[in-house]
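Observations on the model geometry
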Amino acid sequence: MDEFWALVEASADGPRTPDERLAWLTDRLAGQPAAEVVDFALRLDELRGPVDTWRLWGAALLIFDGFCSDDSFFYFQTWLIGRGRAAYHRVLADPDALANLPEVRRLAGRPMRDWAEDELPDWECLDYVADEAYERITGEEEGLDDAVEARGRELRCSPEPADEAWDVRESAELAHRYPRLAALFPLPGRGRGAVWETATP
């Protein structure tokens, strides 16, 4: 796991955009043996498991103003992993710690329509870095899936929270569980609106 974190954190060195980080990661992985690319994909998948929770999904809903579908939360997980090891473990222990991340604080008080693409707490393309690197090395399109299966594993493709379900649409409960996030992303008038149906235990 140390090697995984070292690569992810090194990709953030300097003023790189998310796309530039992806290109850097892909180039670095493509210069390694194919087995290490498979390791990278497996480590990413393993880190998803602990943060694939209703506890974190509720926090993400606050940030996204309720618009956090299955796909949005799935790629929110990779975005969080992209913040690095220390941030990942702080948020794993307490999802309300998201309120301390500069990337989250910059979004507070601004409507989502004004967020730049690079600011979105969503890093879908991190999921595809290993696939592209593996194809460069082996010439096998979609060969990574076969390599993962050969190790007796299967990569996640959508959220499947295993913790205790609770009604993430309840404003009072959200404010109670995430006081710092609720202060940054207020909840007046929110209730069981249609947008909250995208994440229902």
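As the structure is a computational prediction, the values presented were derived from the model and not from experiment.

Quick notes on the packing of aromatic side chains
Taken as a whole and judged by the stated rule, the model has 11 aromatic pairs. Aromatic side chains Phe4 and Phe40 sit 4.7 Å apart centroid to centroid with 35 degrees between the ring planes, which places their arrangement in the tilted category. Here the residue Phe4 occupies a position in helix α1 (residues 2-10), and Phe40 occupies one in helix α3 (residues 34-51), the gap between them amounting to 36 residues. A single burial state applies to Phe4 and to Phe40, both of which are buried. Centre to centre, the rings of Trp54 and Trp57 are 4.9 Å apart; their planes meet at 10 degrees, and the pair counts as stacked. Within this pair, Trp54 and its partner Trp57 are both found in helix α4 (residues 54-63), separated by 3 residues, close to a single helical turn.

Comments concerning α4
The buried fraction of α4 is high, at 9 of 10 residues. For α4, every residue scored as buried is listed here: Trp54, Leu56, Trp57, Gly58, Ala59, Ala60, Leu61, Leu62 and Ile63. One or two steps after α4, the chain reaches Asp65, where phi turns positive at roughly 55 degrees.

Brief notes about the nonpolar core
Counting residues in each nonpolar core, the largest one holds 58 residues, and the members touching the most others are Ile63, Phe76, Leu98 and Leu181. Non-local contacts of Ile63, meaning those with residues more than four positions away in its chain, are made with Phe76, Leu98, Val104, Leu107, Trp115, Pro121, Leu181 and Phe185.

Considering the confidence of the model for the protein
When pLDDT is averaged along the protein, the result is 91, and 93% of the positions lie at 70 or above. Looking across the protein, the model is least confident in helix α10 (residues 171-177), with a mean pLDDT of 89, and most confident in helix α6 (residues 85-93), with 98. Of the regions scoring below 50 in pLDDT, residues 190-197 engages in 22 contacts with residues more than four places distant in sequence or in other chains.

Overview of a negative patch on the surface
A contiguous patch of negative charge, built from Glu135, Glu140, Glu141, Glu142, Asp145, Asp146, Glu149 and Glu154, is present on the exposed surface. Ranked by residue count, the leading element in the negative patch is helix α9 (residues 143-150), at 3 residues. As for its placement among the helices and strands, Glu140 is situated in the loop between α8 (129-138) and α9.

What to know about the side chain of Gln77
Among the structural elements, Gln77 can be located in helix α5 (residues 70-82). Of the polar contacts made by the side chain of Gln77, one reaches the side chain of Arg48; its length is 3.0 Å. With residues up to four places along the chain from it excluded, the contact list for Gln77 reads Arg48, Val51, Asp52 and Pro159.

So, the packing of α1 against helix α2 (residues 18-30)
Packing of α1 against α2 leaves a shortest axis separation of 9 Å and a crossing angle of 140 degrees. It follows that α1 is oblique to α2 by the angle criterion. When α1 is examined against α2, the residues Leu7, Val8 and Ala10 are found in contact with a partner set consisting of Arg21, Trp24, Leu25, Arg28 and Leu29. In terms of residue class, the contact of α1 with α2 is built from 6 nonpolar, no polar and 2 charged.

Structural notes on the environment of Ala97
Relative to the helices and strands, Ala97 is located in the loop between α6 and α7 (102-105). Between the C-alpha atom of Ala97 and that of Ala59, which follows or precedes it by 38 residues, the distance is 9.5 Å. If sequence neighbours within four positions are ignored, Ala97 has contacts with Arg90, Val91 and Arg180.

Digging into the environment of Asp70
When you line up the elements, Asp70 lands in helix α5. Here the alpha-carbon distance between Asp70 and Trp57, two residues 13 residues apart in the chain, equals 9.4 Å.

A look at the packing of α1 against α3
Interhelical geometry of α1 versus α3 gives an angle of 90 degrees and a closest axis separation of 10 Å. As far as their axial angle goes, α3 and α1 are roughly perpendicular. For the pair α1 and α3, contact is made by Phe4, Trp5, Leu7 and Val8 and by Phe40, Arg43, Leu44 and Leu47, respectively. When grouped by side-chain class, the residues that make up the contact of α1 with α3 number 7 nonpolar, no polar and 1 charged.

Brief notes about unusual backbone geometry
In the Ramachandran plot, Asp65 falls in the positive-phi region, its phi being about 55 degrees despite a non-glycine side chain. When you line up the elements, Asp65 lands in the loop between α4 and α5. Its relative accessible area of 37% is what places Asp65 among the partly exposed residues. One non-glycine residue, Glu142, lies in the positive phi region at around 60 degrees. Of note, Glu142 is situated in the loop between α8 and α9. Taking relative accessible area as the criterion, Glu142 reaches 58% and is therefore assigned exposed.

Conventions we followed
- Residues numbered from 1 in each chain as written.
- Predicted model: local features only at pLDDT ≥ 70, side-chain atom pairs only at ≥ 80, totals over all residues.
- Heavy atoms only, no water.
- Phe/Tyr/Trp six-rings, centres within 6.5 Å; stacked < 30°, edge-to-face > 60°.
- Helix = DSSP H or I, 4+ residues; strand = E, 2+ residues; numbered from the N terminus.
- Buried < 20%, exposed > 50% of the residue type's maximum accessible area, 1.4 Å probe, protein only.
- Core = buried A, V, L, I, M, F, W, Y, C linked by side-chain atoms within 4.5 Å.
- Contact = heavy atoms within 4.5 Å.
- pLDDT = per-residue confidence, 0-100.
- Patch = residues over 30% accessible without salt bridge, like charges linked within 9 Å, V, L, I, M, F, W, Y side chains within 5 Å.
- Areas by Shrake-Rupley, 256 points an atom, 1.4 Å probe, with all protein chains shown as cover.
- Salt bridge = Lys/Arg side-chain N within 4 Å of Asp/Glu carboxyl O.
- Lys, Arg positive; Asp, Glu negative; His and termini not counted.
- Charge placed at Lys NZ, Arg CZ, Asp CG, Glu CD.
- Polar contact = N/O pair within 3.5 Å; in protein donor to acceptor, adjacent residues only side chain to side chain.
- Axes fitted to C-alpha atoms, helices over the stretch in contact; angles between N-to-C directions.
- Parallel < 35°, antiparallel > 145°, perpendicular 65-115°, else oblique.
- Nonpolar A, V, L, I, M, F, W, Y, C, P; charged D, E, K, R; others polar.

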